[in-house]
Amino acid sequence: MIHRVRKLSFSLALLVGTLAFGNLSAYTLEEFKFEQPGQHEAFRDLIAKLRCLVCQNESLAGSQAGVAQDLREEVYRMMLEGQSDEEIVTFLVDRYGDFVLYEPPIKPSTYILWFGPFIFLGVGGYLLFRTLGRKKDEPEEDLTEAERARLQRLLAAGGDNQENIK
Amino acid sequence: MTATTTPSRTAATRAKRRALIPLVVFIALAALLFYGLQLDPRKVPSPLVNKPAPVFELETLDDPSRTVTNEILMGKVSLVNVWASWCPSCRQEHGELMQIARENDVQVVGFNWKDTRPEALEMLRRYGNPYVVSAYDPDNRYGIHWGVYGAPETFVVDGEGIIRYKHIGPVDRNVWETTIRPIVEQYRPQPS
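Report follows, based on the coordinates. Only a predicted model underlies this, so the values are computations on that prediction, with no experimental measurement involved.

On the side of chain B, 16 residues touch chain A, which itself brings 16 residues to the contact. Each partner contributes to the roughly 1300 Å² buried at the junction of chain A and chain B, and carbon and sulfur atoms together form 55% of this total. On the chain A side of the interface with chain B, the three residues burying the most area are D70(A), R95(A) and Y96(A), jointly 39% of the side's total. Connecting chain A to chain B are one salt bridge. Across the salt bridge formed by D70(A) and K114(B), the nearest N and O atoms sit 2.4 Å from each other. Counting every contact that joins chain A to chain B gives four residue pairs in polar contact (both at pLDDT 80 or more). Among the elements of the structure, α3 (66-80) and α4 (85-96) of chain A are those that each provide at least two residues to the side of chain A that touches chain B. Class assignment for the residues of the side of chain A that touches chain B results in eight nonpolar, three polar and five charged.

Okay, helix α4 (residues 173-187) of chain B next. In an α-helix, one full turn covers 3.6 residues, which means residues spaced three or four apart are oriented alike. All names here are of chain B. With 15 residues, α4 extends 20 Å between its outermost C-alpha atoms, agreeing within 8% with the 21 Å of an ideal straight helix rising 1.5 Å per residue. The largest bend along α4 measures about 45° and falls at I180, with the proline P182 one to four residues further on. When we look at burial in α4, the residues that qualify are V175, W176, I180, I183 and V184. Tucked into the core, α4 has its buried residues touching β3 (78-83), α2 (88-103), β6 (153-157) and β7 (163-168).

Throughout this description, disulfide means a covalent bond between two cysteine sulfur atoms. Residue and element names in this part refer to chain B. Under the counting rule described, the total for this entry stands at one disulfide over all chains. Each sulfur of the disulfide joining C87 and C90 lies 2.2 Å from the other. Judged by the sign of its S-S torsion, about 90°, the cystine formed by C87 and C90 is right-handed. With respect to burial, C87 and C90 carry one shared label: buried.

Calculation criteria
Residues numbered from 1 in each chain as written. Chains lettered and ligands numbered in written order. Predicted model: local features only at pLDDT ≥ 70, side-chain atom pairs only at ≥ 80, totals over all residues. Heavy atoms only, no water. Contact = heavy atoms within 4.5 Å. Buried area = accessible area lost by both parts, 1.4 Å probe. Salt bridge = Lys/Arg side-chain N within 4 Å of Asp/Glu carboxyl O. Polar contact = N/O pair within 3.5 Å; in protein donor to acceptor, adjacent residues only side chain to side chain. Helix = DSSP H or I, 4+ residues; strand = E, 2+ residues; numbered from the N terminus. Nonpolar A, V, L, I, M, F, W, Y, C, P; charged D, E, K, R; others polar. Expected span 1.5 Å × (residues − 1). Bend = angle between axes of the 7 residues up to and from the residue. Buried < 20%, exposed > 50% of the residue type's maximum accessible area, 1.4 Å probe, protein only. Disulfide = S-S within 2.5 Å.

Here's what the structure looks like:
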């Protein structure tokens, strides 16, 4: 039993580790040296936000591709020059397009992407409440003329016609 | 007939119509997703189209003492072809580029990218040289400014040095005839 729990917690730790560091473990950023404290972290955060265009589902921080290496070096160089994150991102977007960003900017062509889910949720919620509300308010479907006549007949027949009601 | 429809009858048609809504939604979604399947996520649109080609100044591939700059792009429609000897698709399109350069009034400018000189020159020696000149960019110094992220890529640059189109992947007969050639024709300087 203890053995099993230990095994389980080990797998859990492994999973958490993979989720937390998987993106960075593919590549060590040791070669990039910064003099000021905190700059290395800022660099790591910035390249984690940028997409490698070759491998596409990897960030610049995680990718082994040659182009990713070139872009990392370019970002590093620009940071050493004292350029802001914003300037660096603009530099890359001007050349590679919005696709280099993991988080797309909010602009007309991405409105659907950003707001679509909320619109769908709103419309869905509205339809749901309307349907539920109507179910409560409205009486059951009206009887047709034929059904009404039959009901009248049955009622008129009264309690003495027991076998009809059974 | 229409005027005398009973209330229950309109309710019935309305219910029937409402039943069609999921079908319509399904068809719309299916069409959208099917459209999405046709798109190639590897083809990232370039923000440089309809902008002046980024400035560059590089050694030529065959002679380190000579440089090639944007000047080469002026006055003539050019195909700027990003290539490398290590890139199989580049070899695949090489024959087509030879033919395009031979048969058309368009200059093919090479952009030798992340390659080594001996290997690049060996490839041209073995398969022929379609390029009026090749710029040599072994460490992606100017490739970054052109937004290059793979090879082959081919830019159509008009006589004013403005990028008009970017093709990602190898150029074959079909791509040339249906996509690139019409653009080249469109921007060819008219004899005045």
